[in-house]
Amino acid sequence: VTFSGAGGTFSSNTSYTFSAGGQTGETYIRSGHPLIGQVIPSNPVDIIGIGSQYDYSNPNAGYQLIIRDASDVIATSAINLTSEVNISNLSKTGFDLNWTTDADGTTEIMYGNTPNLELGVMTGTGSPTASHNISISGASASEIFYVKAFSVKGTDTAMSSMRTYITQSNSSGDMKAYFTTAVDTSYSSGGYAVMLDDAVDDTLIAYMNRAKYSIDFSIYHFNNNNLSSISAALNAAHNRGVTVRVVFDGGNQGAAIQALDAGIGRIGSPTSSQYGIMHNKFIVIDAESADPDDPIVWTGATNFTDGQINTDPNDVIIIQDKSLALAYQLEFEEMFGSSGPQPSLSESKFGPDKTDNTPHEFIIGGDRVECYFSPSDNANDKIIETIQSADHNMYIATMLITRSDIGYALEDAIDAGVHTLIKINNSSQSSSSVVSMLQAELDTNFKTNDNAGNIMHHKYMIVDEGTFSDPTLLVGSHNWSYSANDRNDENTLIIHNNRIANIYLQEFMTFFPGSATGVEEHELRDVSVYPNPASEQLNIVLSHDANAVLKLYNTNGQLVRNVQLGSQNNILNINNLKSGLYILELISGNKVSRQKVMVK
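Peer 1: Whenever I open this one, the environment of Pro 292 confuses me. Can you help?
Peer 2: As for its position among the elements, Pro 292 is in the loop between β21 (281–285) and β22 (296–300). For the pair Pro 292 and Lys 322, spaced 30 residues apart in sequence, the C-alpha to C-alpha distance is 5.8 Å. Ignoring anything within four residues of it in the chain, the contact list for Pro 292 reads Asn 170, Ser 171, Gln 320 and Lys 322.

See below:
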């Protein structure tokens, strides 16, 4: 068989299509399956599985093959990918690509600035290897590349699916966040959260009034009732020569859509049963401007309606970055079906028809940012990975949780001692088993918004805020549901930046006033670290045997060492680290100890 989605990884609670002998079939990967996270084969393989019928409405349909574990997937090629193609060393002039194979082979890519891969083949230097690294250099800032990586052994080739990458921009990287309800700035660690009191609409209009060249407007639901007229602002931009394009949910064609100028290109999502909803709420302004400080991405959870802006707890995040704006524009044009001012019905793709065709990795303002679109990019996996990354604290405000795999990941993190606070909107909207589990695990640290007179509409998660352990904010339009991951059009950002995580914390703590972070921090007392400064190794001597984790961070907050300690005497190898200041962090239970060390 040959799998679709080759080169990606298997996800939980997901079906995968394969073809063999001119026919197609499906396999289903359940929650907790041993194949989760394993690479989807890029070459033909033999598979073994249990025949299962999951839909009895048609006796000739509804069948799937249940693969039991990795031994049921039998490689038939001399070389196969054993990892995804990962990006590293992302800069304004290029990046590195890395992957592994199960045998030594060549290191090569086909690449170009378009999906035609017109720049040809690049071959890496060195002998055949199973660990592959190749560099794209000499590029321009915000330059898009399409790449297929491959390795050859004899007559066999292991090839990835085509992936999209983009270099770092020359933009400011400025990020702003706004909230529709109260914030508590006493939790500020420097920046301050801002509540826009009935003014998200006016703020959006102010941004659109400054647009010079283009506005790509993608919204699930908007109207002009009890709001400043967003339709009028779009019409005004169109009338002054700005290219305005609109993508909307096909089930929400209200008066605001009808009020748009007839010359504005617009397209609604399909409404047939195989599609979900077009649930995005993003606006891209001036993505292709020659001035890198023009492009803007506006996203978050907020629809542009009276209730969503004036009543419901909601958030907006605005990022000034050309590379991110170009990625969002690619997603917009996939739905719009055109790069021109008018849509193409024949070329537009929504929901399950879309492909993974956008960059996912960015450096914005010096910080790592990830971007994923649903349903093509397995955003649910990224939610689970973010949960699993938590070492100290995790604060979640999400409208609903219907996925059991997210529930299990939360349970694991809580049981591992991660201080966790969760607020959902309504218990009846979420999985009853997940709600019961969270209530049992968290008691008063789990809250619902039942009967509050509004909709708690957020979809964000804050992880390890205020620590050196990669403070992260996950945010966007993606509800934690099966439909959001499998059928809806959604967007998700994962921002590795403590300032923006702290700004969201200031809003979150209004749901849990007075809650402590649950992390006890102090200087290293029960451990000796020497020499300091050091060049080759650090000796870590504990005063007693301890089951602890040792982490070493550079001053950008990047984790460079992660070691499990189990004895009194330990050695940390640092001979390949750059000279400079590092933070040594010792984690034992809910205690976190830190010390500065110098590498020379």
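And the narrative resumes.
Peer 1: In this structure, what is going on with the pairing of strand β35 (residues 548–554)? I would like to understand it.
Peer 2: Looking down a regular strand, the side chains alternate between one sheet face and the other. Taken across its seven residues, β35 has six buried, putting it largely inside the fold. Strand direction decides the pairing type here: β35 and strand β36 (residues 559–565), joined by six bridges, are antiparallel. Across the sheet, residue Leu 552 finds its bridge partner in β36, namely Arg 561.

Peer 1: For this particular structure, what's the right way to read the confidence of the model for the chain?
Peer 2: Caution applies to low-pLDDT parts of the model: their predicted coordinates are not meant to be read in detail. Within the chain, residue pLDDT values average 92, and 96% of them lie at 70 or more. For residues 518–524, every residue scores under 50 in pLDDT, and the model assigns this stretch 25 contacts once sequence neighbours within four places are set aside.

Peer 1: Any chance you could explain the packing of helix α1 (residues 200–209) against helix α2 (residues 230–239) here in plain terms?
Peer 2: How two helices sit against one another is set out by the angle between their axes and by the gap between those axes. It is the contact of α1 with α2, at a shortest axis distance of 10 Å, that shows an interaxial angle of 5°. Accordingly, the angle class assigned to the pair α1 and α2 is roughly parallel. Contact with α1, carried on its side by Asp 201, Leu 204, Ile 205, Met 208 and Asn 209, involves Ile 230, Ala 233 and Leu 234 of α2 and no other residues of that element. The class makeup of the residues in the contact of α1 with α2 is six nonpolar, one polar and one charged.

Peer 1: Mind showing me how you'd approach the sheet that holds β21 here?
Peer 2: By definition, the strands of a sheet pair up through backbone hydrogen bonds, in either a parallel or an antiparallel sense. Taken in spatial order, the eight strands of this open sheet run β17-β16-β23-β22-β21-β18-β19-β20, and their pairing is mixed. Each end of this open sheet is capped by a strand with a single partner; those strands are β17 (194–195) and β20 (265–268). As paired elements, strand β16 (residues 175–179) and β17 share two bridges and run parallel to each other. Counted as the bridge partner of Phe 179 is Met 195 from β17. Sheet strands in contact with helix α5 (residues 322–336) are β18 (214–219), β19 (243–248), β20, β21, β22 and β23 (315–319), and its direction is about 65° off that of β19. Most of the contacts of helix α10 (residues 498–508) go to β16, to which it runs at about 5°, and overall it touches β16 and β23.

Cut-offs applied
- Residues numbered from 1 in each chain as written.
- Predicted model: local features only at pLDDT ≥ 70, side-chain atom pairs only at ≥ 80, totals over all residues.
- Heavy atoms only, no water.
- Helix = DSSP H or I, 4+ residues; strand = E, 2+ residues; numbered from the N terminus.
- Contact = heavy atoms within 4.5 Å.
- Buried < 20%, exposed > 50% of the residue type's maximum accessible area, 1.4 Å probe, protein only.
- Pairing = 2+ DSSP bridges.
- pLDDT = per-residue confidence, 0-100.
- Axes fitted to C-alpha atoms, helices over the stretch in contact; angles between N-to-C directions.
- Parallel < 35°, antiparallel > 145°, perpendicular 65-115°, else oblique.
- Nonpolar A, V, L, I, M, F, W, Y, C, P; charged D, E, K, R; others polar.

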